[in-house]
Amino acid sequence: MEQSIRLNNGVLMPLVGFGTYQITDSAECERSVLAAVEAGYRLIDTAQNYGTERPVGAAVRACGLPREELFITSKVWFRNHPEGACRESVYRSLERLGLDYLDLMLIHWPFGDVYAAWRDLETLYREGVLRAIGVSNFSPDRLVDLINYNEIVPAVNQIETHLYCQQKTAHEWMAKYGVAHQGYAPLGQSRINHMFALPCVRAAAENHGRTPAQTALRFLVQQGISVIPKSVHPERIRENIGVFDFELTEEEMAALSAVDNASPMIGTATDPKRAEAAKNWTSREL
Ligand SMILES: NC(=O)c1ccc[n+]([C@@H]2O[C@H](COP(=O)([O-])OP(=O)(O)OC[C@H]3O[C@@H](n4cnc5c(N)ncnc54)[C@H](OP(=O)(O)O)[C@@H]3O)[C@@H](O)[C@H]2O)c1
């Protein structure tokens, strides 16, 4: 199968990328990104909030690949949403990364002045500083509203997606508007790794001589959903991109689909308690 998807603006995005959330040690982050590039990853996911833009940039420069072979995503933190502030924060991200453009910039959470931030991102996109722009943690109603009242349709919506939270309804809305579905926490962030012990996961893994993690990732990738698993262990980093040389059967896909209980683990922006709590969230970098 193809290892990339074409975004709604024609840009190619790898289906499997490498996540860097919670790699708080910069040296470990740089090492892990280098191991990921070595293993074949070409998409690296960072964010202002993760504090990993500097080590990601260092790895990009050290890996020896031409810049254009890599796809680098970052995300604007919501305190940077006011018009003008978003633009400045994108330039700070670029400075931390040591890059002169980003392949994809996302609005990290739909809090604060999202529309002002989007107008800044639209301008930076038109200026060529950002090759694609998108959103994250947007429920379908927020996504449709943003699309209705702006010029550029987001290329990507990055949302929590794994076996227990397959986002079937959101996926349909994104498909309707040509917004690519990118799944974060595709392995359940290790918090719910008992999903690896599910009989249908084990059976499919054994049938194809793969690991449960590869099975869980392949299930998403086979539906055209991009995934960005994180690991700091080289053997797992290699394992997680080994999803392109086997295919789950229709029966296996149906069994894995039935596991969904539509329960986000990280939480959704539509929960008023979360919106309330977000007022006190801090970011590692702004
Ligand atoms: N947009 C957002 O709001 C948002 C939110 C969360 C995450 N993200 C992005 O999505 C990326 C992925 O999500 P995530 O890091 O939260 O969770 P994840 O990728 O689902 O899970 C990462 C956890 O799984 C473990 N792991 C990795 N490979 C494994 C394997 N093959 N077998 C068993 N365990 C394995 C890792 O441990 P080790 O590291 O010890 O191997 C780590 O504890 C993030 O890094 C970030 O870039 C975005």
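For the structure, see preceding data.
The shown structure was predicted, so the numbers you read here are calculated from the model rather than taken from an experiment. Residues take numbers from 1 onward in each chain, read along the sequence in its written order. Only residues with pLDDT of 70 or above have their local features reported here, since the model is predicted, and side-chain atom pairs are shown and tallied only from 80 upward, although totals for entire chains, interfaces and linings are computed over all residues.

Chemist: I tried to follow the packing of helix 3 (residues 85–97) against helix 4 (residues 114–126) on my own but got confused; where do I start?
Modeler: What describes two packed helices is the angle between their axes and the distance between those same axes. At a minimum axis separation of 8 Å, helix 3 and helix 4 run at an interaxial angle of 55°. In this view, helix 3 runs oblique relative to helix 4, as classed from their interaxial angle. The interaxial crossing formed by helix 3 with helix 4 has right-handed handedness. Contacts between helix 3 and helix 4 involve Cys86, Arg87 and Val90 from the first element and Ala116, Ala117, Asp120, Leu121, Thr123 and Leu124 from the second. Think of it as three bins: nonpolar holds Ala, Val, Leu, Ile, Met, Phe, Trp, Tyr, Cys and Pro, charged holds Asp, Glu, Lys and Arg, and polar takes everything else, Gly as well. Looking at side-chain class alone, the contact of helix 3 with helix 4 contains six nonpolar, one polar and two charged residues. Fitted lines through C-alpha atoms give the axes, limited to the stretch in contact for helices. The angle between two N-to-C directions lies from 0 to 180 degrees. Per the convention used, a helix needs a DSSP run of H or I reaching at least four residues, while a strand needs a run of E reaching at least two, with both numbered from the N terminus. Roughly parallel means an angle under 35 degrees; roughly antiparallel, over 145; roughly perpendicular, 65 to 115; everything else is oblique. Two helices that cross are described as forming a left-handed crossing if the nearer one is turned anticlockwise from the farther one by less than a right angle, and a right-handed crossing if clockwise. Two residues form a contact once the distance between their C-beta atoms, set from the backbone, is within 7 Å.

Chemist: Whenever I open this one, the site of the ligand confuses me. Can you help?
Modeler: The immediate surroundings of the ligand are formed by 26 residues, with Gly19, Tyr21, Leu187, Ala213 and Lys230 found nearest. A total of three residues in the shell around the ligand trace back to one element, the largest contributor, which is helix 9 (residues 234–241). Here the residues of the shell around the ligand are counted per class, giving ten nonpolar, twelve polar and four charged. Any residue whose C-beta atom, as set from the backbone, lies within 6 Å of a molecule or strand is reported as near that molecule or strand.

Chemist: Honestly, the nonpolar core in this entry has me stumped. Any pointers?
Modeler: Joining buried Ala, Val, Leu, Ile, Met, Phe, Trp, Tyr and Cys residues through C-beta atoms within 7 Å gives a set, and that set is a nonpolar core. Burial is judged by counting the other C-beta atoms within 10 Å of a residue's own C-beta: 20 or more makes it buried, 12 or fewer makes it exposed, and any count in between marks it as partly exposed, with every C-beta position built from the backbone. Counting 74 residues, the largest nonpolar core has Ile44 and Met105 as its most contacted members. By residue number, the principal contributor to this core is helix 8 (residues 212–221), which donates six residues. Residues contacting Met105, with those up to four places away along its chain left out, are Ser74, Val76, Val90, Leu121, Leu130 and Ile133.

Chemist: I tried to follow the pairing of strand 6 (residues 104–107) on my own but got confused; where do I start?
Modeler: Every regular strand shows the same layout, with side chains that alternate between the two sheet faces. Burial of strand 6 is two-sided: the residues Leu104 and Leu106 facing one way and the residues Met105 and Ile107 facing the other way are all buried. One requirement defines pairing of two strands: DSSP has to find at least two bridges between them. By the bridge criterion, four bridges tie strand 5 (residues 71–76) to strand 6 in an arrangement that is parallel. Bridge pairing links Val76 to Ile107 in strand 6. A right-handed crossover is one whose linking path, passing over the helix from the first strand to the second, runs clockwise when the strands point away from the viewer. One crossover worth recording links strand 5 to the parallel strand 6 by way of helix 3, and it is right-handed. In the sheet, strand 6 pairs with strand 7 (residues 133–136) via three bridges, with the strands oriented parallel. When the sheet's bridge partners are listed, Met105 is paired in strand 7 with Ile133.

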